[in-house]
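Report on the structure
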Amino acid sequence: MEALLSAIASDLVSRALSMVIQRCGRSKAEETEKNLQRLQRVLLRIKASVEEAERRWITNQAMLRQLDMLRQGMYQGNYMLDTFRYRGHSDDNEVSGGRLVVLPRFSSTKLFFPLPVSDNVKKLEKMLYSLETLMCDMQEFVVFLEGYPRICRQPYSTYLILDKVMFGRQMEMETVLNFLLRPEAIGDGNPGVLPIVGMTRVGKSTLVEHVCLDERVRRHFSSIVIFTGGDLGAGNMAALRGSGVIKHQDVTAASYGRSLVVIELDEDMEEETWTRLYSSAASAMEHGSKIIVTSRSEKIASFGTAQALRLKHLPEEAYWYFFKTLAFGSTNPDDQPKLASLCMEIAATQKSSFMGANILGDVMRANQNAQFWHRLLQCLREIISKHILLFGEHPTYLAQKGHPIHMCLLSRAQQHVTICKIYQDRSLKHIVPKLSLHDIYTGCATDQAKFRMVAWRSSIPPYYTYLGNCTTHTGRCSMISKKRPHQMRVS
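This is a predicted model, so every value here is computed, not measured.

The rules behind these values
Residues numbered from 1 in each chain as written. Predicted model: local features only at pLDDT ≥ 70, side-chain atom pairs only at ≥ 80, totals over all residues. Heavy atoms only, no water. Helix = DSSP H or I, 4+ residues; strand = E, 2+ residues; numbered from the N terminus. Core = buried A, V, L, I, M, F, W, Y, C linked by side-chain atoms within 4.5 Å. Buried < 20%, exposed > 50% of the residue type's maximum accessible area, 1.4 Å probe, protein only. Domains from an automatic or database assignment. Contact = heavy atoms within 4.5 Å. Pairing = 2+ DSSP bridges. Axes fitted to C-alpha atoms, helices over the stretch in contact; angles between N-to-C directions. UniProt positions renumbered as here; feature names shortened; annotations may be inferred. Salt bridge = Lys/Arg side-chain N within 4 Å of Asp/Glu carboxyl O. Phe/Tyr/Trp six-rings, centres within 6.5 Å; stacked < 30°, edge-to-face > 60°.

Describing unusual backbone geometry
- Of the consecutive residues Pro461 and Pro462, the connecting peptide bond is found in the cis state with omega at 10°.
- Within the secondary structure, Pro462 sits in the loop between strand 11 (450-457) and strand 12 (465-474).
- Positive phi, close to 60°, is recorded for Arg201, a residue that is not glycine.
- Turning to its location among the elements, Arg201 is positioned in the loop between strand 3 (192-197) and helix 7 (204-213).

Listed below in structure tokens is the structure:
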């Protein structure tokens with residue numbers, strides 16, 4: 001009898017504890033859902049403020065820094081919201097950050113997020129508090145916006161805007177403009193020099209091109225000339241006058257003969273060569289003229305009269321905002337949470353590459369199918385893991401160094417493509433091939449053993465076209481090794 005009573009009591013205690021745990025879980029899920037709704041509302045307010053500010057011609061540097069804070073808050077908040085919304089909608093067992101995790105369900109509202117839950121909830125609460133505080137601190141900013149003139153723009157969708165404008169470089173753009181338009185000291189006749197440093201295809205030329213197209217810069221300088229590394233061996237500005245590309249020329253008196261010279265270096269420049277070039281430029285250029293030097297090398301930072309501007313890849317949150325918009329186009333990711341979940345995983349594989357976002361965004365936008373996106377994700381993970389195993393680096397970084405990249409086609413399991421080199425044809429003398437990287441991803445590649453293809457055509461200035469030399473081979477992928485990769489992060 002005592003054993004029976006003990007078993008009944010134990011069962012009652014167990015059930016009571018189970019009920020308490022379930023109620024706590026439901027209560028926590030309801031609280032999380034309310035916080036997500038609050039986050040969504042504050043993000044709408046921030047987005048409205050950012051869009052209104054971007055329609056204004058803001059000249060105050062402090063206001064521009066506040067606007068950048070709003071943008072970064074918007075990207076981070078959207079990333080957090082999408083993580084809670086979309087993670088786990090693809091499969092029950094989802095790979096996140098290179099490890100297998102089980103994504104649990106906490107309520108009927110289908111809120112999913114990786115373990116541990118408490119950390120994510122705390123991050124959500126911290127993010128919500130930070131953004132609400134940010135909006136409260138921006139009340140004066142919103143009032144001051146009314147004092148700046150509007151910029152006329154066509155009512156395009158977000159996708160069309162991001163497809164046609166430079167994304168994520170607003171503060172860098174303002175830094176360069178501030179350097180160029182700032183008057184030089186009266187007694188200093190030497191031109192100011194701004195070095196811009198960044199790895200390959202991070203956006204140096206794009207940033208400079210947009211600066212050169214700015215009306216304020218064109219009114220300020222009578223001429224804008226761009227020189228590339230191959231033109232600079234002599235280190236003499238007078239000898240280079242006929243070799244540069246003239247981007248702008250105005251003989252009106254408003255600019256007083258000031259000139260802007262842009263020097264794009266592919267490799268390093270010897271300090272002795274730079275000294276001769278700068279001395280020659282100082283004697284040939286009028287007071288108030290400026291020089292911009294771009295390079296992948298940190299060595300050019302010492303050439304500057306101003307602090308070097310270092311371009312880096314976009315933060316993960318901003319890159320996700322950019323990638324999601326390109327991948328979904330005019331469709332709403334909220335209507336397709338499974339696709340959105342896959343999109344987050346695919347975006348994480350690209351290491352914030354602008355070229356990767358544009359190439360994959362085009363492929364995904366044209367094939368908004370969960371099965372296709374899932375195959376694409378598996379293919380990308382396989383490619384990444386094999387490159388890390390064999391070469392020790394992510395293929396994005398290898399491609400930037402000119403290293404061959406191996407790909408497996410989505411629809412042709414026994415055919416593989418090696419992209420030997422991706423390059424920009426500056427001469428524009430060659431016929432641009434019809435075959436694109438989009439075709440290779442979707443399995444429509446040529447049967448030729450060797451061929452050229454278009455890796456990417458930029459839709460924004462300077463409208464670069466990147467080409468690739470490729471080879472095809474059949475059978476098992478040549479990268480496959482007998483060794484099995486150890487556990488590693490592939491995203």
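Some details on the nonpolar core
- By size, the foremost hydrophobic cluster in this structure holds 79 residues, and its most contacted members are Leu39, Phe323 and Trp373.
- The dominant element in this core, judged by the number of residues it contributes, is helix 2 (residues 61-86), at 11 residues.
- Shared between two domains, this core holds at least three residues of each, these being domain 1 (23-90 + 108-153) and domain 3 (318-474).
- When sequence neighbours within four positions are dropped, the list of residues in contact with Leu39 reads Gly77, Met80, Leu81, Leu124, Met127, Leu128 and Leu131.

Notes on the sheet that holds strand 4 (residues 223-228)
- On the basis of which strands lie adjacent, the open sheet formed by six strands has the order 5-4-6-7-3-8 and mixed pairing. Among the strands making up the open sheet, the edge pair consists of strand 5 (245-249) and strand 8 (309-310).
- As judged from the six bridges shared by strand 4 and strand 6 (residues 259-264), these two strands associate in the parallel manner. Looking at strand 6, one finds that Ile224 is bridged to Leu260.
- On top of the sheet, helix 10 (residues 271-284) reaches strand 3, strand 6 and strand 7 (290-295); it is set at about 155° to strand 7, its chief contact.

Some remarks on the UniProt feature "coiled-coil region" (unreviewed entry) in the chain
- Mapped onto this numbering, the UniProt entry gives "coiled-coil region" (unreviewed entry) at residues 29-56.
- The span residues 29-56 is 93% helical and 0% strand by assignment, and the distance between its end C-alpha atoms comes to 41 Å.

A short note on the pattern of salt bridges
- Scanning the entire structure with this criterion turns up 19 salt bridges.
- Of the charged contacts in the structure, one is a salt bridge between Arg150 and Glu52, with a shortest N-O distance of 3.1 Å. Taken together, the positions of Arg150 in the loop between helix 4 (139-145) and helix 5 (158-164) and Glu52 in helix 1 (residues 2-54) put the pair 98 residues apart, joining distant regions of the chain.
- You can call Glu52 buried: its relative accessible area is 18%.

Digging into the side chain of Gln350
- Residue placement: Gln350 occurs in the loop between helix 12 (337-348) and helix 13 (354-366).
- Overall, the relative accessible area of 8% leaves Gln350 in the buried class.

Here we look at the packing of aromatic side chains
- Counted according to the given criterion, the structure contains 11 aromatic pairs.
- Measuring from centroid to centroid gives 6.3 Å for Phe167 and Tyr321, while their planes differ by 10°, and the two rings are stacked. Here Phe167 is found in the loop between helix 5 and helix 6 (170-181), whereas its partner Tyr321 is found in helix 11 (residues 316-328), with 154 residues between them in sequence. By the burial criterion, Phe167 is buried, and Tyr321 matches it.
- Here the aromatic rings of Trp274 and Phe303 are separated by 4.9 Å at their centres, their planes lie at 5°, and the arrangement is stacked. Of the two residues, Trp274 is situated in helix 10 and Phe303 in the loop between strand 7 and strand 8; the sequence distance between them amounts to 29 residues. Accessibility classification places Trp274 together with Phe303 in one group, the buried group.

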